[in-house]
Amino acid sequence: MSGARAADLLERELPGAVRRREVGFGEESVWIDRDALVAACTLLRDHPDGVYTTPVFVTAVDWPDREPAEPRFDVVYELRSLVHNDTCRLIVQVTEDDPNVPTLERVFAGMDWHERECYDLLGITFTGHHDLKRILLPTDWDGHPLRKDYASFGEPIAFTHNLEWALPAAERPRDMPGSTR
Amino acid sequence: MTALPPFGKPTIDLDPVSEQYEAGREQLGVEHGLDSVDLVQIGESTMELNMGPMHPSTHGVLRLVLDLDGEVVRECRPDIGYLHTGFEKDFERHTYQQCIPYTDRMDYLAPLFNNLGFSLAVERLLAIEVPMRAQYLRVIMCELCRIASHLLWYGTGALDLGATSAFMYAWRDREKLLDINELVSGVRMHTSFIRVGGLLADVPDEFYVLVGEVIKTFPKLIDEHERLITKNPIFRQRTVGLGRLSAEDAMAYGATGPTLRGSGIAYDLRKAKPYSSYDHFTFDVPIGRSGDVYDRYLVRMQEMRESLKIIGQAFEALPDGPVNTADRRVALPPRNELNTSMESLIHHFKLVTEGMRVPAGQVYQAIESPRGELGFYLVSDGTTRPYRCKVRAPSFSNLSALPHMVRGELIADVVAVIGSIDIVLGDVDR
């Protein structure tokens, strides 16, 4: 089972950090506390039972209809241990109003670009990142395209019956395609 | 494969003149005075230089902002995104089979690997095992594609350093592999040959002739390539000791593939996490010693030979049988059933118009592409379209280590280092 090693290690060494564990399709995911993220990753990297030294990626999954029962974004981290030949998945949940997670660039040098990409496409802010700016899109781009409320194609056209389409993206009603509110 | 040594010994002798290689620059007569560390101290002012995005050696549209002190690079800031196409967003409004052609266009030099990674991820969510013949054909096609990709890297990498003839020979041989792509799928590059549940179609008879010819002739052709470059003193002076990446740094930056193995770590997903029956074949994982440009060159040249070994074994043992799964959640009903069964007709219609339904859940499927770990993190919500598909591109992580590798090197050597990490900008930007 991929990821069980990391989950066991975290539960043993940082018992307060683990919120939930879930197994699916031969992989184990661990939901951890946002405040414990840096400590958890440092532990996974340095502990001889973990040695998760390689960052694989960080991304986020947007579930806009989930709030307020559960936070809107799943920030997903995948780490790899070459010594134990294992991959683990950590998930941190953040809300729409406070999409911040602490940066991991000082734990894994390679997280730098992946965090910038996640900020660029999903609008997750990585607090403490030395240079958090867009990486794939132009710097003056409006909105974060991989959010579910970002229209994927088509230019909105305003007619007399839908004048709100002429509004700039930031002023459009919240449930409207293209709205960045 | 469990007990894989992360810091292993080289599995095969990489270089017949290894003593000379070990000694590195001294034996080659490169003076210490030329070492970058001394030059960094010259002068107080730096110059900012734009390299690219339209520069022949950046292999696409990559812009580097270089802070130069004389000819020495003090800082390098890559600027990417010129080829960003939003494929991940496109995935979310297409059915699973419709996503396959999009994956072709990400890493356009290794399209079959992208097909394979995506298909394997969906098949894992569906809990489908494709027939053995399809698995073997996937391996053969992927390894042929790996050789084609490495040949292109070899040709352009050598061209960047002024070896024009190598480029011609590499193109000559790559053409033979593209002919096989054309034969099985009708197109030379964006094949979409590997689909969810199996393959586009079984291979025609001529396939056996062409692949048999590749197995027979390519070892000699690779020898020919190596004779041109491997012991060439000019090439060695340019590359030995250049762009070093230590094993620890390679891991911390998430570098994978030949970039990681050049630094001496024998980690290959084909051995570490076998997929598509790679565990049926015996092959070695070549690794380098010091992680410089020359090591990465040697690793890739050896990998082509290892790929040929895999192709030979898979070709010999290629089983008979279907090339597509019989699982009706994915496979279309056979044509003759449609004449008699209304249910089959409805099912056929639903599969074509709506697409297959994939159980809800999340998987991360990684495969070893020519550039490293290509991963698909797929989240399904139980409908006919992916809810979210994150592509973990090997070139993206490898390129993020570039500033670390070129800091303190000469500007002319930046070209050699970019060539050695073998980036594809379509893969970086997606």
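Everything discussed here concerns the structure shown above.
Parameters at a glance
- Residues numbered from 1 in each chain as written.
- Chains lettered and ligands numbered in written order.
- Predicted model: local features only at pLDDT ≥ 70, side-chain atom pairs only at ≥ 80, totals over all residues.
- Helix = DSSP H or I, 4+ residues; strand = E, 2+ residues; numbered from the N terminus.
- Buried ≥ 20, exposed ≤ 12 C-beta atoms within 10 Å, placed from the backbone.
- Contact = placed C-beta atoms within 7 Å.
- Core = buried A, V, L, I, M, F, W, Y, C linked by C-beta atoms within 7 Å.
- Pairing = 2+ DSSP bridges.
- Axes fitted to C-alpha atoms, helices over the stretch in contact; angles between N-to-C directions.
- Expected span 1.5 Å × (residues − 1).
- Bend = angle between axes of the 7 residues up to and from the residue.

Asks: How do you make sense of the overall build of chain B when you look at a structure like this?
Replies: Within chain B, the regular secondary structure consists of 20 helices and 8 strands. Within chain B, the fraction of its 430 residues that count as buried is 50%. By sequence separation, contacts in chain B at least 24 residues apart represent 72% of the contacts at least 6 residues apart.

Asks: How do you make sense of the environment of Pro403(B) when you look at a structure like this?
Replies: Relative to the helices and strands, Pro403(B) is located in helix 18 (residues 402-406). Between the C-alpha atom of Pro403(B) and that of Cys76(B), which follows or precedes it by 327 residues, the distance is 5.0 Å.

Asks: Got a minute to help me understand unusual backbone geometry in this structure?
Replies: In most cases, non-glycine residues show a negative phi, while peptide bonds are predominantly trans. In the segment running from Glu67(A) into Pro68(A), the intervening peptide bond is cis, with an omega of 0°. Take Pro68(A): it is sitting in the loop between strand 3 (54-62) and strand 4 (73-81).

Asks: Sorry if this is basic, but what is going on with the nonpolar core here?
Replies: If you look at soluble globular proteins, the nonpolar side chains tend to sit buried side by side. Core analysis: the largest hydrophobic core is formed by 160 residues, its most contacted members being Leu144(B) and Val417(B). Top element by residues in this core is helix 7 (residues 132-160) of chain B. It accounts for 16 residues.

Asks: Would you take a moment to explain the sheet that holds strand 1 (residues 47-51) of chain B for this structure?
Replies: The pairing of strands in a sheet happens through backbone hydrogen bonds and is either parallel or antiparallel. Residue and element names in this part refer to chain B. One open sheet holds the 3 strands; their spatial order is 1-2-3, and the pairing between them is antiparallel. Edge positions in the open sheet fall to strand 1 and strand 3 (72-79), since each of these has one partner strand only. Shown here is a sheet whose adjacent strand axes are inclined to one another by a mean of 25°, direction ignored. Direction of pairing for strand 1 relative to strand 2 (residues 63-69): antiparallel, over a ladder of 5 bridges. Looking at strand 2, one finds that Met-51 is bridged to Leu-64.

Asks: What should I look at first to understand helix 9 (residues 206-229) of chain B in this one?
Replies: Residue and element names in this part refer to chain B. Its 24 residues give helix 9 an end-to-end C-alpha distance of 33 Å, which sits within 8% of 34 Å, the value for a rise of 1.5 Å per residue. At Thr-217, helix 9 shows its maximal kink, close to 40°; a proline, Pro-219, follows between one and four residues later. Of all the positions in helix 9, only Val-211, Val-214, Phe-218, Ile-222, His-225 and Ile-229 are classed as buried. The inward-facing, buried residues of helix 9 contact helix 7, helix 8 (164-185), helix 10 (233-239) and helix 14 (293-316).

Asks: Please explain the environment of Glu303(B) as it appears in this structure.
Replies: All names here are of chain B. Following the sequence through the fold, Glu-303 ends up in helix 14. Along the sequence, Glu-303 and Arg-146 sit 157 residues apart, while their C-alpha atoms lie 8.8 Å from each other. Leaving out residues up to four positions away in the same chain, Glu-303 has contacts with His-150, Pro-258 and Pro-286.

Asks: I'm lost on the environment of Arg305(B) in this one. Help?
Replies: Its place among the elements puts Arg305(B) in helix 14. Considered as a pair, Arg305(B) and Ile147(B) are 158 residues apart in the sequence and their alpha carbons are 8.7 Å apart.

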